[in-house]
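Architecture and fold: a report
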Amino acid sequence: RMVNIPKMMKTYCPKLKKHTMHKVSQYKKGKDSLTVQGKRRYDAKQKGFGGQTKPIFKKKSKTTKKITLKFECTESKFRRLITIKRCKTFVLDGPKRKGQKG
C-alpha cells in the first residue's frame with residue numbers, strides 16, 4: 001500500500017488550541033551518543049580478546065516500518081510526532097486535494 005501525504009496540512013495545534021497550518025516532514029533518528037551507559041558498557045565488554053560478546057540480531061521478520069511524521073505549526077512553531085500505520089512506500093507530496101490528478 002502506498003501512502004501519499006501533503007507537505008503542508010491543516011491540523012490541530014495543542015499549544016494554540018485551534019486548527020492551523022502545519023509543515024509535515026518524516027521523522028529521522030538522531031545520531032547515537034557515544035557517552036550513553038549502554039554503549040560504554042558494550043565497548044568495555046568488547047575490548048580485548050574473545051570476539052563478539054553479545055548476540056547480533058539476524059532473524060528480521062518485518063518487511064515494513066511504522067512511519068513517524070513530524071508536524072510543525074507555522075504560527076507557534078510547536079512540534080509533535082505522530083505515528084501512522086505500516087506501509088511499503090511513503091511519499092511526501094505537494095498540497096494535493098481529493099479529485100485532483102497529478
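Residues numbered from 1 in each chain as written. Predicted model: local features only at pLDDT ≥ 70, side-chain atom pairs only at ≥ 80, totals over all residues. Heavy atoms only, no water.

1. A few points about the nonpolar core
Formally: Residues enter a nonpolar core if they are buried and are Ala, Val, Leu, Ile, Met, Phe, Trp, Tyr or Cys, with the set joined through side-chain atoms within 4.5 Å. Relative accessibility thresholds used throughout: buried, under 20% of the residue-type maximum; exposed, over 50%; partly exposed, between the two (1.4 Å probe, protein chains only). Note on conventions: DSSP H or I runs of at least 4 residues are helices, E runs of at least 2 residues are strands, and numbering of each starts at the N terminus. Any two residues whose heavy atoms approach within 4.5 Å at even a single point are treated as in contact.
Within the largest apolar cluster, 8 residues are counted, these being Val 3, Ile 5, Val 24, Ile 67, Leu 69, Phe 71, Cys 87 and Phe 90. Listing elements by their share of this core, those giving two or more residues are strand S1 (2-6) and strand S4 (65-73). A per-element tally of this core places S4 first, with 3 residues. Apart from residues lying up to four places away in sequence, Ile 5 is in contact with Val 24, Leu 69, Ile 84, Phe 90, Val 91, Leu 92 and Asp 93.

2. A short note on the environment of Leu 69
Within the element layout of this structure, Leu 69 appears in strand S4. On a C-alpha basis, the gap between Leu 69 and Tyr 27 in space is 5.5 Å, while along the polypeptide they are 42 residues apart. Apart from the residues within four sequence positions on either side, Leu 69 is in contact with Ile 5, Val 24, Ser 25, Arg 80, Leu 81, Ile 82, Ile 84 and Phe 90.

3. Comments concerning the side chain of His 22
Condition: Counted as a polar contact is a pair of N or O atoms within 3.5 Å, where, for protein atoms, one must be capable of donating a hydrogen and the other of accepting one, and residues adjacent in sequence contribute only when both atoms are in side chains.
Considering the arrangement of structural elements, one finds His 22 in strand S3 (residues 18-26). At 3.5 Å, the side chain of His 22 and the backbone oxygen of Thr 11 are in polar contact. Here Thr 20 takes part through its backbone oxygen, which lies 3.0 Å from a polar atom of the side chain of His 22.

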